[in-house]
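# Structural characterization, general
The residues making up each chain are set out below.
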Amino acid sequence: MSAVYAPPAPATRRTNTLAVVALCLALLGLVLCLPAPIGAVLGHVARRQALDRDEYGAGMARAAIIVGWIGFALLMVVVTAYVVYAFYAVGHPDRFHHGGGGFDD
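Remember, it's a predicted structure, so these values are computed and weren't measured experimentally.

Moving on: the overall build of the protein chain. Looking only at helices and strands, one finds three helices and zero strands in the protein chain. Starting at the N terminus, the α and β elements of the protein chain follow one another as α-α-α. Taking all contacts inside the protein chain whose residues are at least 6 apart in sequence as the whole, residues at least 24 apart take part in 58%. For the protein chain, the accessible surface area stands at approximately 7900 Å², while carbon and sulfur atoms represent 69% of it.

The next point concerns the packing of helix H2 (residues 35-53) against helix H3 (residues 58-91). Where H2 contacts H3, the axes come no closer than 7 Å and their chain directions differ by 160 degrees. Between H2 and H3, the angle is such that the two are roughly antiparallel. Considering how the two elements wind past one another, H2 and H3 form a crossing that is left-handed. Between H2 and H3, the contacting residues are Ala 36, Pro 37, Gly 39, Ala 40, Val 41, Gly 43, His 44, Ala 46, Arg 47, Ala 50 and Leu 51 on the first element and Ala 58, Ala 61, Arg 62, Ala 64, Ile 65, Gly 68, Trp 69, Gly 71 and Phe 72 on the second. Classifying every residue of the contact of H2 with H3 gives 13 nonpolar, five polar and two charged.

Okay, the packing of aromatic side chains next. Following the criterion strictly, the structure yields one aromatic pair and no others. Seen in terms of ring centroids, Trp 69 and Phe 72 are 5.6 Å apart; in terms of plane orientation they differ by 80 degrees. Their pairing is edge-to-face. Remark: Phe 72 and Trp 69 occur in helix H3; sequence separation between them is three residues, near one turn of the helix. With relative accessibility at 36%, the residue Trp 69 sits in the partly exposed group. Residue classification places Phe 72 among the partly exposed residues on the basis of a relative accessible area of 28%. The ring of Tyr 56 carries the charged tip of Arg 13 above its face, separated from the ring centre by 4.1 Å.

For helix H1 (residues 17-32), which comprises 16 residues, the first-to-last C-alpha distance of 22 Å matches the rise-based estimate of 22 Å (1.5 Å per residue) to within 8%. Restricting attention to buried positions, one finds in H1 the residues Ala 19, Ala 22, Leu 23, Ala 26 and Gly 29. Down the axis of H1, the sector holding all buried residues measures 120 degrees, keeping them to one side. In H1, those exposed residues whose orientation departs by more than 90 degrees from the buried face are Thr 17, Val 31 and Leu 32. The inward-facing, buried residues of H1 abut H2 and H3. Of the residues trailing H1, Cys 33 is marked for its positive phi of about 70 degrees.

Procedures and definitions
- Residues numbered from 1 in each chain as written.
- Predicted model: local features only at pLDDT ≥ 70, side-chain atom pairs only at ≥ 80, totals over all residues.
- Heavy atoms only, no water.
- Helix = DSSP H or I, 4+ residues; strand = E, 2+ residues; numbered from the N terminus.
- Contact = heavy atoms within 4.5 Å.
- Areas by Shrake-Rupley, 256 points an atom, 1.4 Å probe, with all protein chains shown as cover.
- Axes fitted to C-alpha atoms, helices over the stretch in contact; angles between N-to-C directions.
- Parallel < 35°, antiparallel > 145°, perpendicular 65-115°, else oblique.
- Left-handed = near helix turned anticlockwise from the far one by under 90°.
- Nonpolar A, V, L, I, M, F, W, Y, C, P; charged D, E, K, R; others polar.
- Phe/Tyr/Trp six-rings, centres within 6.5 Å; stacked < 30°, edge-to-face > 60°.
- Buried < 20%, exposed > 50% of the residue type's maximum accessible area, 1.4 Å probe, protein only.
- Lys NZ or Arg CZ within 6 Å of the ring centre and 35° of its normal.
- Expected span 1.5 Å × (residues − 1).
- Arc of directions from axis to C-beta.

Structure follows, in C-alpha cells:
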C-alpha cells in the first residue's frame, strides 16, 4: 500500500507592515498634518522593502507616498498663510482693532 502525499503548500506572500503603518500615518496626516511627511518617508522605505522582499504592499506604500506629500503640501500652505497673516496683522494694527466687545470697555 502506497501513501499519498499532498503537494507542499505554496509559499504565501506577506504584506509589508511598514506599508500599512505608512498609509495610516499619511491618512492621519490629512487631518492632523504633522504625521503626513512621516508617512510619506516611511512609504518610500516600505515600497523599496516590498519590492526587494517580494511582499505585498508596494501599492499601499505608493499611496502613502502620494497622500503623505499632499498632506505635507497642505501643511505648508496653512503655515505660510498663518505667517503671512501674522506679519500683515503686526504691520497694520489699526485694521485689526475693534472698538467694542472687549474686557477693557
